[in-house]
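Below, each chain spelled out in residue letters.
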Amino acid sequence: LAFIGLSLTRKSSQGHPDSITHQEAFDLNEVIDREYKYFMSTNDDGWLVGGGEPGPPSSYKLAAKDSGHVEIMRIGTYKPEWGGISQSDIVKAMESGEILIPQMDVVPTAVVANPDKPPELEIRFDMDPFTFDSTSFLDVESQLPANWQIRFLHNQLFTYFKFASRFCPGPFHSTIVRKADFRSEKHKQNYFAKCDEVVKKWRSEGPKPLNTKWDIEGKEVHNPPEYFSGVWLFTDRNNITHHFSPNFLPPYNTPEKRKIIADTLKDIWDDQALKWKPASESLVAPQLGMFCGGIFDLTSS
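Residues numbered from 1 in each chain as written. Predicted model: local features only at pLDDT ≥ 70, side-chain atom pairs only at ≥ 80, totals over all residues. Heavy atoms only, no water.

1. Topic: the environment of Val 221
Considering the arrangement of structural elements, one finds Val 221 in the loop between strand S11 (208–209) and strand S12 (231–236). Residue Val 221 is classed as partly exposed on the basis of its relative accessible area, which comes to 26%. Not counting the four nearest positions on each side in its chain, Val 221 is found in contact with Lys 213, Trp 214, Asp 215 and Phe 228. (Helix = DSSP H or I, 4+ residues; strand = E, 2+ residues; numbered from the N terminus. Buried < 20%, exposed > 50% of the residue type's maximum accessible area, 1.4 Å probe, protein only. Contact = heavy atoms within 4.5 Å.)

Below, the structure is given as structure tokens:
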């Protein structure tokens, strides 16, 4: 399934030797359990992040490279007759300058278990809750909510492109493992407590750029620009074809830029109802979710 998104892949001595690096901001090995201290079993493809699965004899899951990613807009197929859109149309639009790509400085906000049974575990990259008020957004001294860049691009993509297979599953997350079975309820609680500490550390360090110097193949770019943390075009989670650098650059503290941001974030695409709704209906109150085995308040971080 093709999509536009962020790449979290990072080569690791613990993972597959063919994994590549697209970011060094976050070591996702800090929230996985290669020794199965907390888990009884996982899906046959094992850990999808942190360098991926090395295969036997280091692990007995399917050997696979790190495929960590965050979907911002799923394209699905490049065949218009199947409800998709051609790759050339996507690339043309992304390179046209009509879609504003901010510098992707982001931070994980939670590790959660989704509703599946047994669940997938996800690292969330939610935009911090806020009371939407265009006046406050226009205050150039105010701080923008963490991860605003992801939804800012998402909203533009969903406004610009209209085709049947356009979608975004559970915005915005990276799946780290599927069919996660814990050894016991106590092991589950201890695992999420560990993740809680890691996420708190990441959040205390603040949002960071992901890609600072790597090309599609994970090779270092000679003399990259100061702002290089953009987005990628994936044919599927294992194959990337294009990198789109930021064209809407920091700082974001001018009245002109703040108005663009406010106008773009005033609505939210409801991925269940498949329609736009005012942001004031969605983010005026704290968001609750399963975090570290319980319920958490995103505004407390």
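2. Digging into the pairing of strand S5 (residues 69–76)
Within S5, eight of the eight residues are buried, which leaves the element mostly enclosed by the surrounding structure. Relative to S5, strand S1 (residues 2–7) runs antiparallel, the two being bridged by six bridges. Bridging from a neighbouring strand, Leu 6 pairs with Val 70 of S5. (Pairing = 2+ DSSP bridges.)

3. A short note on the nonpolar core
Core analysis: the biggest nonpolar cluster contains 57 residues, and Leu 121, Tyr 191 and Val 231 have the highest contact counts within it. At six residues, helix H4 (residues 185–205) tops the list of elements feeding residues into this core. Core analysis: the next-biggest nonpolar cluster, separate from the first, contains 14 residues, Leu 144, Tyr 252, Ile 261 and Ile 268 among them. (Core = buried A, V, L, I, M, F, W, Y, C linked by side-chain atoms within 4.5 Å.)

4. A closer look at helix H5 (residues 255–265)
Buried within H5 are the following residues: Arg 258, Ile 261, Ala 262, Thr 264 and Leu 265. The arc enclosing the buried residues of H5, seen along the axis, measures out at 165 degrees, which places them on a common side. When the buried face of H5 is taken as reference, the exposed residues oriented beyond 90 degrees from it are Pro 255 and Glu 256. (Arc of directions from axis to C-beta.)

5. Examining the pairing of S12
Across three bridges, S1 lies against S12 in antiparallel orientation. Looking at S12, one finds that Phe 3 is bridged to Phe 234. As paired strands, S12 and strand S13 (residues 239–244) are joined by five bridges and run antiparallel to one another. Opposite Phe 234, over in S13, you have Ile 240 as the bridge partner.

6. As for helix H1 (residues 87–94)
Within H1, burial applies to Ile 90, Val 91, Ala 93 and Met 94. Angularly, the buried residues of H1 cover 165 degrees about the axis, an arc narrow enough to put them on a single face. Opposite its buried face, H1 presents the exposed residues Ser 88 and Lys 92, each directed more than 90 degrees away. For H1, the secondary structure elements touched by its buried residues are S1, S5, helix H3 (148–160), S12 and S13.

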